[in-house]
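Structural features, examined
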Amino acid sequence: MWCWRLIGASLLLLLALQVQAAQIKNLKSEAEVIPPRIELFAKYSITLNPDLEDALKNGLTLPFVYEFKLSKPRMYAWYRQVAEGFGPNAQLTQRLSYQPLTKQYRIATGGVARHFGSLEEALLALGQIKNWSVLDGSDIAAEDFAGRLRLRLDSSKLPKTYQVSTIGNTNWQLESGWSDIQLRRNGEAEAVQ
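Residues M75, W78, Y79 and V82 make up a contiguous nonpolar surface patch of about 490 Å² in total accessible area. Take W78: it is sitting in helix α3 (residues 74-83).

Encoded structure:
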């Protein structure tokens, strides 16, 4: 009898830990080829664990990075990989922070900042990207295009003290994994929602 109680308690503990886990889940990744550029559209579901929420509330800015890799046309993709040191072909950093005086969350991209009244609203906005222009000046045809996209928490842009404490700590490892980008066809004006 005690064995079943132990198993039940273990399952409840695993379920509680799973609910508390941080994750980024890809819901949609699309591209529109508009020579001489490619525009990306994506939607992610982002969940933070209590450790990340506490750090955010205590003044830590969380840098999230969208990364794009071209995979087709193969020769051009290989050339871009070599030219860029085998890193992503394009990156877009968005910084999530909390402003205690106004009790608002802020997402800063470049010199533009947006403010939100709740963490849920901020994470929803952070998880959506529209009209991100990549590979400007390329002449890739729509039928030849293929690429991959991911969103991750970039721990290398955290303060040094946090970088050391995040090594091997799964609570701070937050990444969607690479997902293939679907091509939008001409006339598809559906917005990512």
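Don't stop here, the text continues.
Our next topic: the pairing of strand β2 (residues 37-47). Counting buried positions along β2 gives 8 out of 11 residues, so the element sits mostly inside the fold. Bridging between strand β1 (residues 23-34) and β2 involves 11 bridges; their strand directions are antiparallel. Each bridged residue has a counterpart across the sheet, and for A31 the counterpart in β2 is L40. Counted between consecutive antiparallel strands, the loop separating β1 from β2 contains 2 residues. Taken together, the 5 bridges between β2 and strand β7 (residues 128-134) define a ladder with antiparallel strand orientation. Within the sheet, the bridge partner assigned to A42 lies in β7 and is I129.

For the rest of this paragraph, the subject is the packing of aromatic side chains. The final tally for this structure, using the stated rule, is 4 aromatic pairs. When the ring centre of F41 is taken as reference, the NZ or CZ atom of R184 above it lies at 3.7 Å.

Here we come to the sheet that holds strand β6 (residues 112-116). Strand order across the open sheet formed by 6 strands is β6-β5-β4-β3-β8-β9, with antiparallel pairing between neighbours. If you trace the sheet from one side to the other, it starts and ends with β6 and β9 (179-180), each paired once.

Another aspect to go through is the sheet that holds β1. Pairing is mixed across the open sheet formed by 4 strands, whose spatial order is β7-β2-β1-β10. Looking at strand neighbours, the two that pair on one side only are β7 and β10 (182-183), the edges of this open sheet.

All right, on to a negative patch on the surface then. A contiguous patch of negative charge, built from D51, E53, D54, E120 and E121, is present on the exposed surface. Secondary-structure elements contributing two or more residues to the negative patch are α2 (50-57) and α4 (119-126). Here the negative patch takes 3 residues from α2, the largest share from any one element. Within the secondary structure, E120 is located in helix α4. Overall, the relative accessible area of 58% leaves E120 in the exposed class.

What follows concerns the pattern of salt bridges. This model, assessed by the stated rule, comprises 8 salt bridges. The partner of R150 in a salt bridge is E67, with the nearest N and O atoms 2.4 Å apart. One end of the pair, R150, is in strand β8 (residues 146-153); the other, E67, is in strand β3 (residues 62-72), and 83 residues separate them in sequence. No difference in accessibility class separates R150 from E67, as the two residues are buried. Two residues, E67 and R152, come together in a salt bridge whose shortest N-O distance is 3.0 Å. Residue E67 is found in strand β3, and its partner R152 is found in strand β8; the two are separated by 85 residues along the sequence. Classification of E67 by relative accessible area gives buried; the value is 2%. Overlapping salt bridges, with partners in common, bring together E67, R150, R152, D154, K157 and E175 in one network.

Here the focus is unusual backbone geometry. The omega torsion across P35 and P36 is 10°, close enough to zero to call that bond cis. Here P36 shows up in the loop between β1 and β2. Between K72 and the following residue, P73, the backbone shows a cis peptide bond with an omega angle of 10°. Relative to the assigned elements, P73 resides in the loop between β3 and α3. We note that K103 has phi near 55°; this positive angle belongs to a residue other than glycine. Relative to the helices and strands, K103 resides in the loop between β4 (90-99) and β5 (104-109). A positive phi angle is found at L135, which is not glycine, with a value near 55°. Examined against the element boundaries, L135 turns out to sit in the loop between β7 and β8.

What counts and how
Residues numbered from 1 in each chain as written. Predicted model: local features only at pLDDT ≥ 70, side-chain atom pairs only at ≥ 80, totals over all residues. Heavy atoms only, no water. Patch = residues over 30% accessible without salt bridge, like charges linked within 9 Å, V, L, I, M, F, W, Y side chains within 5 Å. Areas by Shrake-Rupley, 256 points an atom, 1.4 Å probe, with all protein chains shown as cover. Salt bridge = Lys/Arg side-chain N within 4 Å of Asp/Glu carboxyl O. Helix = DSSP H or I, 4+ residues; strand = E, 2+ residues; numbered from the N terminus. Buried < 20%, exposed > 50% of the residue type's maximum accessible area, 1.4 Å probe, protein only. Pairing = 2+ DSSP bridges. Phe/Tyr/Trp six-rings, centres within 6.5 Å; stacked < 30°, edge-to-face > 60°. Lys NZ or Arg CZ within 6 Å of the ring centre and 35° of its normal. Lys, Arg positive; Asp, Glu negative; His and termini not counted. Charge placed at Lys NZ, Arg CZ, Asp CG, Glu CD.

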